[in-house]
Amino acid sequence: MLENLKIVIHQGKQYIPNPTTVEVPGIFRGRPVISTEKVDENKLVNLCPTNAISANPVSIDLGKCTFCGECAICFPEKISFTKDYKTSSNERGRLIIKEGENKPVEVNPDTVRKEIHRVLGRSLKLRQISAGGDNSCEWELGAANNVQFDMSRYGIDFVASPRHADGIVITGPITKNMAEAVQICYDATPDPKIIVLVGTDAISGGIFADSPAINRSFLEKHTVDLYIPGNPAHPLTIINGLLDLTRKLK
Ligand code: SF4
């Protein structure tokens, strides 16, 4: 008994006490900030592997960005990455970071469907679909429920069957082979159901955006409730995004 207590005291707290306020250590790249410094914008735009950067004025689309950091390395006076991991939104347009702005990316409570707060505000069960994913976002979704991040404390869990789910979480660019499976899984989920896209590949296709092997027609037919950027998305981005969608009130 004494030995066990010693181990518990030695380990300290295993979990993050508050995932909504904790600071991320290390070299994490979160929300970028773009200065108004004049640079060769053509060169800047052309170095991005996923066409996430636009010119005049310069902007970065977090839904396309792979967070490779190349733009900040080549143009440190123009672009820097903060450690702000709260980069999710229910509106695609809010993922675009503009030159000269340094404000958080947020869920807009005015455009969240009413039934989401009412029905899913205290308990949210999700079915994850890896639609051609590379297992990176899938891994981070799993990490969101590990002992450190402990997303379950908020009543948010993953379930095996869409019949038991309140929504689907899609990772990967949605390959042709997975397009029908995504639709079947969505159809099997009871209303009101939400659609969450996790990671750059799911939001925009990422580096596979122009591939003939993907079929993203599902996203043209349905409304996406939450975009969670990242390549892969960080567990803190995932947890805060889901909490903001289901609990942030007007
Ligand atoms: S960090 Fe994002 S915006 Fe910058 S070059 Fe890489 S993909 Fe493009």
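Going by the structure above, here's the rest.
Analysis parameters
Residues numbered from 1 in each chain as written. Predicted model: local features only at pLDDT ≥ 70, side-chain atom pairs only at ≥ 80, totals over all residues. Heavy atoms only, no water. Core = buried A, V, L, I, M, F, W, Y, C linked by side-chain atoms within 4.5 Å. Buried < 20%, exposed > 50% of the residue type's maximum accessible area, 1.4 Å probe, protein only. Helix = DSSP H or I, 4+ residues; strand = E, 2+ residues; numbered from the N terminus. Contact = heavy atoms within 4.5 Å. Pairing = 2+ DSSP bridges.

Observations regarding the nonpolar core
Okay, step 1: Grouped together as the largest cluster of nonpolar side chains are 36 residues, with contacts concentrated most on Leu44, Ile79, Ile168, Ile170, Ile195, Leu197 and Phe218.
Okay, step 2: A total of four residues in this core trace back to one element, the largest contributor, which is helix α6 (residues 176–188).
Okay, step 3: Look past the residues within four positions of Ile195 in its chain and what remains in contact with it is Ile168, Ile170, Tyr186, Phe218, His222, Thr223, Val224, Asp225 and Leu226.
Okay, step 4: Ile16, Ala144, Met151 and Leu242 belong to the second largest nonpolar core, which has 30 residues in total.

Some words on the pairing of strand β9 (residues 194–198)
Okay, step 1: For β9, the buried fraction is high: five of the five residues fall into the buried class.
Okay, step 2: Burial along β9 is two-sided: Ile194, Val196 and Val198 facing one way and Ile195 and Leu197 facing the other are all buried.
Okay, step 3: As judged from the four bridges shared by strand β8 (residues 167–171) and β9, these two strands associate in the parallel manner. Bridging from a neighbouring strand, Ile170 pairs with Leu197 of β9.

What to know about the sheet that holds strand β3 (residues 59–61)
Okay, step 1: The strand order across the open sheet built from three strands is β2-β3-β5, with neighbouring strands paired in antiparallel fashion. Both outer strands of the open sheet, β2 (53–54) and β5 (96–98), are each paired with one neighbouring strand and no more.
Okay, step 2: With two bridges connecting them, β2 and β3 associate as antiparallel partners. Paired with Ser54 across the strands is Ser59, a residue of β3.

Topic: unusual backbone geometry
Residues apart from glycine generally show negative phi values, whereas peptide bonds are mostly found in trans.
Okay, step 1: Looking along the chain, the bond that leaves Asn56 and enters Pro57 is cis, with omega of -5°.
Okay, step 2: In this structure, the amide linkage connecting Asn231 to the following residue, Pro232, adopts the cis form with an omega of 5°.
Okay, step 3: Not every positive phi belongs to a glycine, and Asn51 is a case in point at roughly 55°.
Okay, step 4: Residue Asn51 is classed as exposed on the basis of its relative accessible area of 54%.
Okay, step 5: One non-glycine residue, Asp150, lies in positive phi territory at about 50°.
Okay, step 6: Along the chain, Asp150 falls in the loop between α5 (136–144) and β7 (156–158).

Read these as spatial facts, not as claims about activity.
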